[in-house]
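# Secondary and tertiary structure notes
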Amino acid sequence: MSIYEEVEFEDLDFDPVNQIYTYPCPCGDKFSISLEELWDGEDVATCPSCTLRIEIIYDEEDLPELKEDSDDDDESDEEEGEGSDVKKEENIDQGLADITKKSLVVE
Ligand SMILES: [Zn+2]
């Protein structure tokens, strides 16, 4: 999977409705990458009709702000608390046993 070409961000065509950047592919179709993918750090645009790909040269500060007017469930991709129930094995039992022993020393 090689990169066909490196393309400057400002050379891309922007579709403001779908927030997708496109660039003409030699096969006649267009490479495309969404603004959201760019914000996610994705910089490779693919062509839906062939296997070519381009790498987009950009700085995050060049990107327009991502519109989030839809209620996609993208917002809820916080990490699920994996391994949250770590069991701490404390030697409480041992401590209690010592205390019990002491208090049982009568006389
Ligand atoms: Zn193509």
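Our subject in this report is the structure included herewith. (Residues numbered from 1 in each chain as written. Predicted model: local features only at pLDDT ≥ 70, side-chain atom pairs only at ≥ 80, totals over all residues.)

### Some remarks on the overall build of the chain
Across its full length, the chain holds two helices and six strands. Reading the chain from its N end, one meets helices and strands in the order β-β-β-β-α-β-β-α. Within the chain, the fraction of its 107 residues that count as buried is 9%. A separation of at least 24 residues holds for 38% of the contacts in the chain among residues at least 6 apart in sequence. (Helix = DSSP H or I, 4+ residues; strand = E, 2+ residues; numbered from the N terminus. Buried ≥ 20, exposed ≤ 12 C-beta atoms within 10 Å, placed from the backbone. Contact = placed C-beta atoms within 7 Å.)

### Digging into the environment of Glu 5
Note on placement: Glu 5 falls in strand β1 (residues 5-8). Through-space distance from the C-alpha of Glu 5 to that of Cys 25 is 10.0 Å; in sequence the pair is 20 residues apart.

### Things to note about unusual backbone geometry
A positive phi angle, close to 55°, is found at Gln 19, a residue other than glycine. Assignment of secondary structure puts Gln 19 in the loop between β2 (13-15) and β3 (20-24).

### A look at the nonpolar core
One broad trend across soluble globular proteins is that nonpolar side chains are buried collectively. Counting residues in hydrophobic clusters, the biggest one holds ten residues: Leu 12, Tyr 21, Cys 25, Phe 31, Ile 33, Leu 38, Ala 45, Cys 47, Ile 54 and Ile 56. Those elements giving two or more residues to this core turn out to be β4 (30-34) and β6 (53-57). Every residue in contact with Ile 33, bar those within four places of it in the chain, is listed here: Tyr 21, Leu 38, Glu 42, Ala 45 and Ile 56. (Core = buried A, V, L, I, M, F, W, Y, C linked by C-beta atoms within 7 Å.)

### Describing the pairing of β6
Here is the key point about a regular strand: its side chains alternate between the two faces of the sheet. Burial along β6 is one-sided: the residues Ile 54 and Ile 56 are buried and none of Arg 53, Glu 55 and Ile 57 is. In this sheet, β6 lies alongside β1 in parallel orientation, the contact comprising four bridges. In the sheet register, Val 7 faces β6, and the bridge partner there is Ile 56. Bridging between strand β5 (residues 44-46) and β6 involves three bridges; their strand directions are antiparallel. For Ala 45, the partnering residue across the bridge sits in β6 and is Ile 54. Between β5 and β6, which pair antiparallel and follow one another directly, the connecting turn spans six residues. (Pairing = 2+ DSSP bridges.)

As far as function goes, none of this settles anything; it's purely spatial.
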